[in-house]
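Observations on the model geometry
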Amino acid sequence: TRPAPTSARPPRAELHLHLEGTLEPELAFTLAERNEVSLPFADPVALRAAYAFTDLQSFLDLYHATSQVLRTADDFADLTMAYLRRAAAGGVRHAELMVDLQTHVARGVPLEDVVAGVARGLADGEAELGVSGLMIAAFLRHRPATEAEELLDDLLALGAPVAGVGLASTEVGFAAAPFAPAFAKAAAHGLRRTAHAAEEGPAWHVTEALDVLGAERVDHGIRALEDADVVARLVRDQVPLTVCPVSNVRLRAVPSLAQHPLPAMLAAGLNVSLNSDDPSYFGGYVDEVDDAVTAAFGLSRDRRADLAAASFRGSFLPPEHVARHV
Ligand code: ADE
Ligand code: ZN
C-alpha cells in the first residue's frame, strides 16, 4: 500500500537554509562522540537550553561553536540527509542549502570532504525522498574577502557541484563591498548569486547586494520596507526575497511574530517566499514557519499556495524544472 501523504501542505522549495543551522542537538552529540570532539554542554537538553538569543551575533557564536563537531564527509552527508528527511515530511520538494565552507576549512576539514559529503547527502535525498537539492557556498562576512576568493578558486578547481554563492554571517560591522570580486568571478563562471541583506542592517544593504554584488536574490530583506525607493525597485524587478519570520523573532530582528513585516511585504507586492534559516536553533522547520505565520496573520489557503509557488519561482532551478512544480 502507498504511504499516506505526510501532509496536506502545498509542495514548496526551501531557499534560505544554512546546513549548519539544521544540526539538532542530538545529532551534535552523536557526532561529537564519533569524532571525539567535546561540546561545552553536558547533553542535548543543556545545549537546547542555550538557544536563547538576543541578536544575530549571540546566535552565530553558538552556531559556530556547535559546528565544530562536523569533521568528516560522512558527518556532512548525515546532516544533509537528516535535514532533507525532515524537510520532505513538511512538503519540501526542492532545497537550496547554504554551507559555511570557510568555517570548516579554517578548522582543518578538507574542502573536498565537506563538498563530497553534502553532495552525497543531496544525491541520497533525491534518490530516497524525491527532493532535489542544490548547494550554495555562503561566503562569510566576518572572514576576509580574500579568503572567500580563494575558496571560490578552490571550488572551481575541484569542479565542485555548487550552484551558487551567497553572503552570510554578521551583517552589521562587516562590509559587503569587499566581496564584490568574488561575486563577479562567481557570475563569470555561471554561478548563481544570493546575499543576506537588511536582516539587522539598513535598507541600503539591499541596494548594495543588488548593485555591488550582483545578487539575483536577497536573503531576509525585511528592513527594505524602511526605504520606499528600495521597495519600489524590488517590486518592479520582482527580486525574490527569502523571508524567515521565525528566525527574525528568535534573533529579535522583530519583537514578535504579530509585528513581523510579512503582511506589509505582501501588501507592497514584494516577491516573498517563506523559509526557516536555521531550523534546529529557531525551533521551526519551514512547514512550522508556514503554520506560525498562517496562525499569526490568518493567511488564506490561496495566499499560502502563492507563497509556496513563489518559492519555486525564486529558486535557482532551470525554468523547465520550475515549470514542473508550479
Ligand atoms: N548564518 C546562519 N544564519 C544566519 C542569519 N540568520 N543571518 C546571517 N548569517 C547567518
Ligand atoms: Zn540566513
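Let us look at the structure shown here. The numbering scheme is per chain: residues are counted from 1 as the chain's sequence reads. Going through the entries in the order they are written, you letter the chains from A and number the ligands from 1. Note on the predicted model: pLDDT of at least 70 is required for a residue's local features to be given, and 80 or more for side-chain atom pairs to be given and counted; whole-chain, interface and lining totals, by contrast, use all residues. Note that water and hydrogens are dropped before the side-chain values are worked out from all heavy atoms of the structure.

1. Examining the overall build of the protein
- Helix numbers and strand numbers start at the N terminus; a helix is a DSSP run of H or I with at least 4 residues, a strand a run of E with at least 2. Looking only at helices and strands, the protein has 16 helices and 8 strands in total.
- Here the globule rule reads 2.2 Å times residues to the power 0.38, and the radius of gyration is calculated from C-alpha atoms. For the protein, whose C-alpha radius of gyration is 18 Å, the value lies close to the compact-globule estimate of 20 Å for 326 residues.
- Counting only C-alpha atoms, the protein reaches 55 × 50 × 40 Å along its principal axes.
- The contact criterion used throughout is that any non-hydrogen atoms of two residues lie within 4.5 Å. Sequence separation of 24 or more characterises 75% of the internal contacts of the protein that already satisfy a separation of 6 or more.

2. Regarding the packing of aromatic side chains
- Within 6.5 Å between ring centres, the rings of Phe, Tyr and Trp (the latter by its six-membered ring) count as paired, and their orientation is classed by plane angle as stacked under 30 degrees, edge-to-face over 60, tilted in between. For the structure on display, the rule yields 9 aromatic pairs.
- Seen in terms of ring centroids, Tyr51 and Tyr281 are 4.7 Å apart; in terms of plane orientation they differ by 35°. Their pairing is tilted. Taken together, the residues Tyr51 in the loop between helix 2 (44–49) and helix 3 (56–66) and Tyr281 in helix 13 (residues 279–282) connect sequence positions 230 residues apart.
- When accessible area is computed with a 1.4 Å probe and restricted to protein chains, residues below 20% of their type maximum are described as buried, those above 50% as exposed, and intermediate ones as partly exposed. Residue Tyr51 is classed as buried on the basis of its relative accessible area of 7%.
- Aromatic side chains Tyr63 and Tyr281 sit 6.0 Å apart centroid to centroid with 65° between the ring planes, which places their arrangement in the edge-to-face category. Pair noted here: Tyr63 is in helix 3 and Tyr281 is in helix 13, with a separation of 218 residues, a long-range link.
- An aromatic cluster of at least three residues, connected via ring pairs, comprises Tyr51, Phe53, Phe59, Tyr63, Tyr281 and Phe282.
- A cation over a ring is seen here: Arg217 above Phe316, with NZ or CZ 3.9 Å from the ring centre. Only when the NZ atom of a Lys or the CZ atom of an Arg is both within 6 Å of the ring centre and within 35 degrees of the ring normal do we say a charge sits over the ring.

3. Quick word on unusual backbone geometry
- Unusually for a residue other than glycine, Gln238 sits at a positive phi of about 45°.
- Among the secondary structure elements, Gln238 is positioned in the loop between helix 10 (228–237) and strand 7 (240–243).
- Overall, the relative accessible area of 37% leaves Gln238 in the partly exposed class.
- Positive phi, normally seen in glycine, also occurs at Asp277, with a value near 75°.

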